[in-house]
Amino acid sequence: MSSKAKILLIYTGGTIGMRKDFNTGALKAFNFSKLLQRVPELKQLDCEIETFTFDNPIDSSNMNPQEWANIATIIEDKYNAFDGFVVLHGSDTMSYSASALSFMLENLAKPVIFTGSQLPIGDLRTDAKENLITAIQIASLQANGHPVVSEVCLYFEYKLYRGNRTTKISAEHFKAFTSPNYPALVDSGVNLKIRSELLLPRQNSNDLVVHKKLDNNVVIVKMFPGMSETVLEAILAIPSLKGVVLETYGSGNAPTEDWFIALLVKAINRGVHIVNVTQCSGGSVNMGQYETSTSMKEIGIISGKDITTEAAITKLMYLLSLNIPLKEFKAIYETAIRGEIGE
Ligand code: ASP
């Protein structure tokens, strides 16, 4: 039996496997088999690679919970046959997908590494090859017969991040992602510098539980000076609404006007969960630090602490799908379940 790690490469779409449409000049996904032809270097890696491609590779702007469930199902079906998974995905919504999958794959004991690229793999100046090769290499790492990494990660431009800590910051630079509130797990230089103390502890590999249903009766509301009462009232009155991620200012601050707090109270009273996250790219919500967040603390708004908006909305979709009793929801949301939030 071969001792080489077995890696499943799952191609969902994205620039990495796109080429220019002859007629329109726009980038479109193309046949995945050609992707591998373009990277003969993969044969030099010390692992066995198999590939799985979505029937219709997509631009990640078309990602949705059903597609996430499809990715989760592939991983579930192939879980015992492979040591690690590399998911090729468009960069635009990659942080949402990596966050969603981190919640959907409970008790994960193997690496699931998302990667992609800013330029197609056929482009002379492409960043795709390094991203792909190193993501596979990290997914193959084993120590004492176990995978070194056992969580959902995102690899891009020489850094491995915890997936649910990331956010896309550039549509231009090769360094397209950052992890504002949690350090990189691996730095890729001349050597791979693995920061073991930052990794999630390994779970028992037999216990993978895959949650395929998410509840998307949720919305992200970004505060801005001048937001009207009529607009916020209309959003919060949506009959099917179950959860709101409210992007506030600084350390979780918002207007102190009576109408604003009254609308939030009304929504909470009809069972809508409201999570306070900051619009800042780094730092944490701390309700009560300023007068402009004291009322929100008092009325029972959930603190998103230092969570990213991408992780906040997908965590909301995930927890809502579990039918958690109203009284317990806030405490569970405010607790890290996949390393997505600081203690
Ligand atoms: N629009 C592309 C996508 O997200 C961009 C990329 O792949 O980087 O699918």
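Scoring rules and cut-offs
- Residues numbered from 1 in each chain as written.
- Predicted model: local features only at pLDDT ≥ 70, side-chain atom pairs only at ≥ 80, totals over all residues.
- Heavy atoms only, no water.
- Pairing = 2+ DSSP bridges.
- Helix = DSSP H or I, 4+ residues; strand = E, 2+ residues; numbered from the N terminus.
- Axes fitted to C-alpha atoms, helices over the stretch in contact; angles between N-to-C directions.
- Contact = heavy atoms within 4.5 Å.
- Salt bridge = Lys/Arg side-chain N within 4 Å of Asp/Glu carboxyl O.
- Buried < 20%, exposed > 50% of the residue type's maximum accessible area, 1.4 Å probe, protein only.

1. Overview of the sheet that holds strand 11 (residues 159-162)
- Strands sit in the order 4-1-5-7-10-11-14-15 across an open sheet of 8 strands; the sheet is mixed. Of all the strands in the sheet, just strand 4 (47-58) and strand 15 (192-194) have a single pairing partner and so form its edges. Averaged over all adjacent pairs, the angle separating strand axes in this sheet is 20°, with direction ignored.
- When strand 1 (residues 5-13) meets strand 4, the two strands line up parallel, connected through 8 bridges. Bridge pairing in strand 4 places K6 opposite E48.
- Packing of helix 3 (residues 94-104) onto the sheet brings it into contact with strand 7 (112-115) and strand 10 (152-156), and relative to strand 10 it is tilted by some 155°.

2. Some remarks on the pattern of salt bridges
- Under the definition given, this model contains 11 salt bridges.
- We note a salt bridge from E340 to K315, for which the minimum N-O separation is 2.5 Å. Residue E340 is found in the segment after helix 9 (326-333), and its partner K315 is found in helix 8 (residues 309-321); the two are separated by 25 residues along the sequence. Both residues of the pair, E340 and K315, belong to the buried class.

3. Some words on the sheet that holds strand 19 (residues 273-278)
- One open sheet accounts for 4 strands, arranged 17-18-19-20; its pairing is parallel. At either margin of the open sheet sits one strand with a lone partner, and together these are strand 17 (218-222) and strand 20 (302-303).
- By the bridge criterion, 2 bridges tie strand 19 to strand 20 in an arrangement that is parallel. Bridge pairing in strand 20 places V275 opposite I302.

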